[in-house]
Amino acid sequence: MKTFSRFCTVSLLALAAAGPALAQTEIVVATVNNADMIRMQEVTSVFEEAHPEISVKWVTLEENILRQRVTTDIATGSGQYDVMTIGNYEVPIWGKQEWLVPLDNLDAEYDVDDLLPKVKASLSYEGTLYAAPFYAEASMTYYRTDLFEKAGLEMPERPDWEFIKTAAAKVHDPENGVYGICLRGKAGWGENMNFITAMANSYGARWFDEAWDPQFDTAEWKATLTDYVDLMQNAGPPGASTNGATQALAQFSSGGCGIFIDATVFASVVSDPEQSSIADKVGFAFSPDAGKGKSAVTLWSWALGIPAASRNVDAAKEFIMWATSREYTDLIAERYGILNAPPATRQSLYDNDAYLEAAPFAQLTLEAVDAADPENPTVDPVPYVGVQFVAIPEFQAFGTSVGQSFSAAAAGTMSVDQALASAQSLTERAMRQGGYSE
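Residues numbered from 1 in each chain as written. Predicted model: local features only at pLDDT ≥ 70, side-chain atom pairs only at ≥ 80, totals over all residues. Heavy atoms only, no water.

S.K.: Go over the overall build of the protein chain, please, and point to the residues and values.
M.R.: Along the backbone of the protein chain there are 19 helices and 11 strands. Over its C-alpha atoms, taken along the principal directions, the protein chain stretches across nearly 70 × 55 × 35 Å. For the protein chain, the residues scored as buried account for 57% of the 438 residues in total. Long-range pairs, those at least 24 residues apart, make up 75% of the contacts in the protein chain with a sequence separation of at least 6. About 17,600 Å² of surface is accessible on the protein chain, with carbon and sulfur atoms providing 48% of the total. (Helix = DSSP H or I, 4+ residues; strand = E, 2+ residues; numbered from the N terminus. Buried < 20%, exposed > 50% of the residue type's maximum accessible area, 1.4 Å probe, protein only. Contact = heavy atoms within 4.5 Å. Areas by Shrake-Rupley, 256 points an atom, 1.4 Å probe, with all protein chains shown as cover.)

S.K.: Describe the pairing of strand β1 (residues 25–32), with residues and values.
M.R.: The element β1 is extensively covered by neighbouring structure, given that 6 of its 8 residues are classed as buried. One ladder, built from 8 bridges, connects β1 with strand β2 (residues 54–61); its direction is parallel. By the bridge assignment, I27 is partnered in β2 with V56. Note that β1 and strand β3 (residues 83–86) share 2 bridges and pair parallel. Residue pairing in the sheet places A30 in a bridge with M84 of β3. (Pairing = 2+ DSSP bridges.)

S.K.: How would you explain the state of the cysteines if you had to name every residue and give the values?
M.R.: Among covalent bonds in proteins, the disulfide is the one between the sulfur atoms of two cysteines. Evaluation of the coordinates by the stated rule reveals 1 disulfide. Covalently, C182 is tied to C257 through a disulfide, its sulfur atoms 1.7 Å apart. Residue C182 is located in strand β8 (residues 179–182), and its partner C257 is located in strand β9 (residues 257–263); the two are separated by 75 residues in the primary sequence. The exposure class of C182 is buried, given its relative accessible area of 1%. (Disulfide = S-S within 2.5 Å.)

S.K.: Explain empty space enclosed by the protein residue by residue, including any values.
M.R.: Applying the stated criterion to the full structure yields 4 cavities of 30 Å³ or more. Estimated volume of the largest cavity: approximately 100 Å³. Looking at the largest cavity, the residues that line it are E137, A138, S139, R184, N194, F195, A198, I261, D262, A263, A296 and T298. Of all the secondary-structure elements, those providing two or more residues to the lining of the largest cavity are α9 (192–203) and β9. Residues of the lining of the largest cavity, tallied by class, amount to 6 nonpolar, 3 polar and 3 charged. (1 Å grid on protein atoms, 1.4 Å probe; cavity = no way out; pocket = protein on both sides within 12 Å on 5 of 7 lines; lining within 4 Å. Points joined across faces, edges and corners; volume = space filled by probe spheres on them. Nonpolar A, V, L, I, M, F, W, Y, C, P; charged D, E, K, R; others polar.)

S.K.: An account of the pairing of strand β7 (residues 139–144) is requested, with residue identities and associated values reported.
M.R.: The element β7 is extensively covered by neighbouring structure, given that 6 of its 6 residues are classed as buried. Here β7 shows a buried face lined by S139, T141 and Y143 and a second buried face lined by M140, Y142 and R144.

S.K.: Report on the sheet that holds β2, specifying residues and quantitative values.
M.R.: Spatial ordering of the open sheet is given by β2-β1-β3-β11-β6, a layout of 5 strands whose pairing is mixed. Strands at the two margins of the open sheet, each flanked by one partner only, are β2 and β6 (132–137). The sheet shows a mean angle of 15° between the axes of neighbouring strands, taken without regard to direction. Sitting on the sheet, helix α2 (residues 35–42) touches β1, β2, β3, β6 and β11 (300–305), and the angle it makes with β6 is about 145°. (Axes fitted to C-alpha atoms, helices over the stretch in contact; angles between N-to-C directions.)

S.K.: Account for the packing of aromatic side chains, with residues named and values stated.
M.R.: Scanning the entire structure with this criterion turns up 42 aromatic pairs. Arranged with centres 5.6 Å apart and planes meeting at 85°, the rings of Y350 and Y355 form a pair that is edge-to-face. Pair check on accessibility: Y350 and Y355 agree, each one buried. R39 extends its terminal NZ or CZ atom over the ring of Y336, reaching a point 5.8 Å from the ring centre. Between R158 and the ring centre of F286, over which it is positioned, the NZ or CZ distance is 4.0 Å. (Phe/Tyr/Trp six-rings, centres within 6.5 Å; stacked < 30°, edge-to-face > 60°. Lys NZ or Arg CZ within 6 Å of the ring centre and 35° of its normal.)

S.K.: Explain the layout of surface pockets to me, using residue names and the numbers behind them.
M.R.: Within this model, the largest pocket holds a volume of roughly 650 Å³. Around the largest pocket, the lining is made up of 32 residues, and of these N34, E63, A245, T246 and F266 lie nearest the centre. Counting only elements with at least two residues in the lining of the largest pocket, the list comes to α2, α4 (63–76), β6, α11 (245–253), α12 (267–270) and β11. Of all the elements, α11 adds the most residues to the lining of the largest pocket, at 4 residues. When grouped by side-chain class, the residues that make up the lining of the largest pocket number 13 nonpolar, 10 polar and 9 charged. In this structure, the second largest pocket encloses a volume near 530 Å³. In terms of lining residues, the second largest pocket is bounded by 25 residues, among which P92, E375, V385, G386 and A391 are the most central.

S.K.: Lay out the environment of S122 in plain terms, naming residues and giving numbers.
M.R.: Summarising the element assignment, S122 is placed in helix α6 (residues 117–122). In this structure, the C-alpha to C-alpha distance between S122 and P133, residues 11 residues apart in sequence, is 9.7 Å. Sequence-distant contacts of S122, defined by excluding residues within four places in its chain, comprise N88 and P92.

S.K.: Give me the packing of α9 against helix α18 (residues 395–411): which residues, what numbers.
M.R.: In the contact formed by α9 and α18, the axes pass within 9 Å of each other and the chain directions differ by 85°. Classed by the angle they form, the pair α9 and α18 counts as roughly perpendicular. In this structure, α9 uses N192, M193 and I196 to contact α18, whose residues at the interface are G399, V402, G403, F406 and S407. Here the residues of the contact of α9 with α18 sort into 4 nonpolar, 4 polar and no charged. (Parallel < 35°, antiparallel > 145°, perpendicular 65-115°, else oblique.)

S.K.: A description of the confidence of the model for the protein chain should follow, citing residues and the corresponding values.
M.R.: Mean pLDDT over the protein chain works out to 93, with 95% of the residues at or above the 70 mark. The model gives residues 1–21 a pLDDT under 50, and that stretch makes 32 contacts with residues more than four places away or in other chains. (pLDDT = per-residue confidence, 0-100.)

Dropping the structure here:
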């Protein structure tokens, strides 16, 4: 395998002088249609110039469709993709199934020890790395400093949910196009259930007890969903139950919301005057808690992995090492500004004084990632791993089904009690069918 030093750009003149063109290996990369991955596509020519024997074909999909496509592809072993954009939900499950190529022999120049320990661990199975993090995220509370000042509010560094509810009500001003809070409402295990599960953790709720019995009939879940629905209906924008992360981010960035609780990766967007009309009016705080010792923090990483069915493993590994390297971070910083460097994957970024100066949210991001505890995500013990998800194969299906009930509650077409009863029934059936309980 060629060494990582090939990152340096090869001039076209040098290639022409080298003789006949080399036969190319085409790798197919399946990815999500977010800003970071679109930027990667824009700079793919740098990789291809440095690796004339490899060409890259992109398949770019909306998040839910991406998950469906790659899950089907890897489970059937069809080998349609050589590189998949996946997350720390899929990686340990698929690594255990031997559906992914282990990334245990990356070149020394890649410096795998520079990866943040919690992010690296979340993309490993039994100590072996199965996907390399492109970027990672926890969650934080964003707020409009101007609206808070006008309302006489001061955001605590670590707010609780009572403060969030009070503050959202005070800054809610729909007559002037400003809504108290923007949250994920769109149904999906990676959409509204991402937020609601983390919120539930902080309220002392859990998906299952240690015997895999669903817990949606508990007081903790009723308190969680009641407060979530109240926030969405009384301080959220119209149509909040259909808003995904992208829509909520757009509303906050355009000045339409006073509070936004979501991924730390969005900090660079809301702080960039070219992408945010309120860039100079944004404050940052920790994810809220309910006084039970757990905050509503999440932990996610979009990562690049190689399906075992790929016929181009060496070329795919070369691409992954380039796309998740320090040098790639430097390339993005140079072309798009250092705020857009892929965050929360490498310690070296947080040792960079230029980044720390440009990103007032950098230290909070590191603290949020460190606070996430996938092995112990809840107040009471649970049999599963995962902060905002349950790391078992069946979760994609029943997590989205529960999300549909909770989205209906936020829309007002189902009561909180009905939504919780539906969630209880759905998960009980899934556990029986999966052999987790009788």
